[in-house]
Amino acid sequence: MAILPRHTGRGQLAYGLLFGFAMTSTAWAQEQTGTTASEIDEIVVTAQKRSQTLQEIPAAVTVLDETSLRARGITTLADVQNLIPSVRLQKESASTEIYIRGVGSTLDVPMVEPPNAYNINGVYVPREVTSASLVDVERMEVLPGPQGTLYGRGAIGGVVNTITRRPTDEFETLAMVETGDYSLLRATLTQNIPISENVALRGSLSYHERDGYFESGADSADDLAGLLSLAASPSEAVDIHLWAHVEDREGEAANLVSKGSNGNPKSQSFPNKDPWDDRLLGDLEPFATLGPITAQDRDWETTLVGGEVDWAISDRLTLTYLPSWLDFEWRQGYWLTHKDGDFNARIEQQTHELRLAYEDGRFSWLAGLYDYAVETSGQLFIQFGPDELFPGSPAGVWLNAVDVRDHELRGTALFGEVTYAVSDRTRLVAGARVSNDERDGRGFQTDIVVAPAVDEEPVALFTGVAPPTYDNSEEWNQVDWKLGIEFDTANDSLVYATAQTGFQPGTFDQFPDVVIEESELLALTVGSKQRFFDGQLVLNNELFHYTYDNLLIQAFDAATGTNRLTNADVIIYGDQLDLLYLPSSLPDTRFSLSIGYLHARYDDFLNDALDVFNDNQMQNAPDWTATLGIVHDWQLASGARIRADLSSRYESGFWGDFAHSPGIYQSAYTKTDLTLTWHSAADRWSAGLWVKNLEDQDVQAAAATGNPLTDPGPGAPFLEAPRTVGIRIAVKLGGG
C-alpha cells in the first residue's frame, strides 16, 4: 500500500546548498501549473482537529499555504504578520509575541504563559520557542478568538498552527538559495526518500545568515535548523508520523532603542536620524554611562520531537495519539537602550494527547484526554548606570529583575465536541473541557546583586548573601463549554453563531503569596461564509464580542527592571471581513482583502490604583488593520510564467503598554512587500526578486518604558526589520 497520508564551519555547509524550492503547491488552492483556474478551489485544514474545508469551519480562519510563505520569503512566525488582520506577531528577545484581537502578553518570563497557543504539528510550543525557523512548512492556520474546548489553557485569545509537510511516496529534491542586502544568505535543502511501499523519509536543512539590522551590528542571524520526519503505514488501518525539529540560533541579539520625547507622548522621533542606529555617540555619548553600545551574542538551542499515530478502527471511528518532548536553552546579552542585560531561560516539556473521533453524516463527535508537564527556569539581570537605582548608586550595579530557579506547570484535561445535523442544512454544536492545572515556583526576590548568577545563587550587594527567596504553589480546576449553530442558507453559503468560554491558569509574581488571578472569558461570535459567481468570489465576515474577567495584563518597565503583572476586566468587540476575488475579466489575476475593526478596551483593573487606565486602548491592539494582496501571472508562449505578488498592510495607531506610556506609541503606518518571480513551464525552476517593507517604515515590535532622565527618549522598543531586498533561485528535481 502507498504511504501517502490518508489525512488530508556552518557557512561552508550553507554555501553548498545552491538552489531553492520551486513553487509547486497551491495559493488559496488555485492550481499553479501554468494555467489559471476559473474558480477558487477549497482548502482542507485541520484547525478543529478534523479535516474540513476552510469554508466549512464556523470561524474566521486564515490559511497561508507553502506557496504564499515561500514566495514572500517567510522564515519565522513574526514574518507572517503582514498577511493577517487584527493580529500582531512581534519580535521579543527569545520569542515572538502573539497578539490576537488585542489579547497577548509580553516578556520572556518563565512563570507567565501567553494567552494564545502556538502549535507545530499539533504540539504546543512554549513562548520562547515561537521564534523557531519555519522549515518545510505545508501551511499555517490562524484561528482568532478563544479555542478553549479543543485547545485548552493556552488558547484563550486564539491559536496559530504550523503544519509541516509529511513524507510522500515520490523521490524528490527541493532546494533554494537566497541572497540580499545585509549580507543575507539563506539556503534550504529538502530530500524526500520512499524507503518502501509503506515507509518514507523526509529531511530538510535550513541555514540563515545575515548582518545585523542595527548600526552596532545587533539583530544579526546565524541560524541552522533541521527537520526530519518519517511516515509509515504498517497496515491499511494505521498511519504513523514521527518528526524532530532541531535548531541552533546564534548571531547577535537585538537591542532596545530609545524612542519619543518627553514633551509629546505620541512622538515618533528617535535619538539618531536612522531609527536602526542604536549607538550613543557624539551628543548622545553622555547617556552611554556603561560604555559604548555593541552587538552581544545570542545562543538559542532547541530540540522538539513529536509524533502522530492514527488508527482507523472502522470507517467511522479513528483513534489518534500525539506525544511530544521538548528541550530548550537560551542565553543572550543585549542592551536595553543604555543598560546592559543578561537574559536566559531553560525549558523541558512533555505533552500527550489521545483522542477518539467518530463521523457518520448527521452525527459526529470528538473526545480526548490531554496531559502536559513543563519545567522552566530563567533569569533577567540588568546593569544600571550611576544614580539610577537609588540616589548615589554607583555605575555598574546589577538587578536580578527576574530570577526563577524552579518552575513547574502540569495539568490534565478531558475534552469533547459533538456536532449533530438536525436537518440537511442545520447543525448544532456542543463542546466541553474539564481541566486541572497546578503551578509551583521557587526563586529569589528582586534585589541589587553583585553580578549575574545563572548556575549558582546570586549575591546581594548590601548583605553579601543570597537575596530572600519565594516559594508559591497554586491549583486551578475549570470547566469550559461551547454551544453553536450552523446553517447552510445555500450550497455555497454558511451562517453560524457560537457562544463559548475560555480559561487561563493564574500565576504569581516574585514575592511570597502574591498570586495573579486566573483569566476567564465569555465569547460570542456571529459570522457568514459565502461563495458567489460560480466560486470566483469568496466573502467571509465575522462579528465578535469578548468579555474577559481578570485577563492577565503584563508590561515591562526597562527604567526600573520591573515586570508589571496585574489583572483587568476587558471588553473587546469588532468585525473581520475577508474577501478573495478571481475576476473572469482578469483570469490571471487574484485579489485578496481583509479588513479588521477592533475595539479593545480595559474596563476595570483588579488593582484599584490602576483604575486610572480604565477605558485605555489595550496594548498592541490597533483599532483598524487592513491587508491587501494582488497576484498577477503573465503566461509566456514557452509555457513558463512570470508572477508579480504584492502584499500590503495598514495598521492604525496603537500603544505598547496598558499605561500608554510616552515613547511607545506606534503611529498609523503601511508596509508593502513585492515579489517578481519567473517560473519554468513545468515548475521545476524559479528565479525571483523581492523587496520587503518597501516604505522603509520603522515599526516598533515589543516595547518597554525607558527612563526619561537617563535615556535619550522615554520609550524603549524593539524594531521590526527595515527595508530589505534580495533575489531567490529555486529548483525541484523528481516528484510529481
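Cut-offs used in this document
- Residues numbered from 1 in each chain as written.
- Predicted model: local features only at pLDDT ≥ 70, side-chain atom pairs only at ≥ 80, totals over all residues.
- Heavy atoms only, no water.
- Pairing = 2+ DSSP bridges.
- Helix = DSSP H or I, 4+ residues; strand = E, 2+ residues; numbered from the N terminus.
- Phe/Tyr/Trp six-rings, centres within 6.5 Å; stacked < 30°, edge-to-face > 60°.
- Buried < 20%, exposed > 50% of the residue type's maximum accessible area, 1.4 Å probe, protein only.
- Lys NZ or Arg CZ within 6 Å of the ring centre and 35° of its normal.
- Polar contact = N/O pair within 3.5 Å; in protein donor to acceptor, adjacent residues only side chain to side chain.
- Contact = heavy atoms within 4.5 Å.

Draft legend 1. Inspection of the sheet that holds strand 6 (residues 116-120) at higher detail. Strand order in this open sheet of five strands is 3-8-9-6-7, and the pairing throughout is mixed. Strands at the two margins of the open sheet, each flanked by one partner only, are strand 3 (62-65) and strand 7 (123-124).

Draft legend 2. View of the packing of aromatic side chains. Enumeration over the complete set of coordinates arrives at 20 aromatic pairs. Here phenylalanine 605 and phenylalanine 613 contribute two aromatic rings whose centre-to-centre distance is 6.2 Å and whose plane-to-plane angle is 70°, an arrangement assigned as edge-to-face. The same class applies to phenylalanine 605 as to phenylalanine 613, namely buried. Through pairs of rings, three or more aromatic residues link up here, namely Trp330, Tyr334, Phe343 and Phe718. Its end group placed over the ring of tyrosine 213, arginine 210 keeps NZ or CZ at 3.8 Å from the ring centre. Here the guanidinium or amino end of lysine 266 rests over the ring plane of tyrosine 665, the centre of that ring lying 4.9 Å away.

Draft legend 3. Geometry of the side chain of serine 493. Along the chain, the position of serine 493 falls in strand 23 (residues 493-504). A polar contact of 2.3 Å, which involves the side chain of serine 493, links it to the side chain of threonine 489. The contacts of serine 493, once residues within four sequence positions are left out, are Phe487, Asp488, Lys529 and Gln530.

Draft legend 4. Spotlight on the environment of leucine 143. Inspection of the secondary structure puts leucine 143 in strand 8 (residues 137-144). Sequence-wise, leucine 143 and alanine 155 are twelve residues apart; in three dimensions their C-alpha atoms are separated by 9.5 Å.

Draft legend 5. How the structure looks around unusual backbone geometry. For asparagine 121, which is not glycine, the phi torsion reads 50° and is therefore positive. Here asparagine 121 is to be found in the loop between strand 6 and strand 7. By relative accessible area, asparagine 121 is classed as buried at 10%. The backbone of aspartate 534 shows a phi angle near 55°, a positive value even though the residue is not glycine. Position of aspartate 534 relative to the elements: it lies in the loop between strand 26 (519-532) and strand 27 (537-557).

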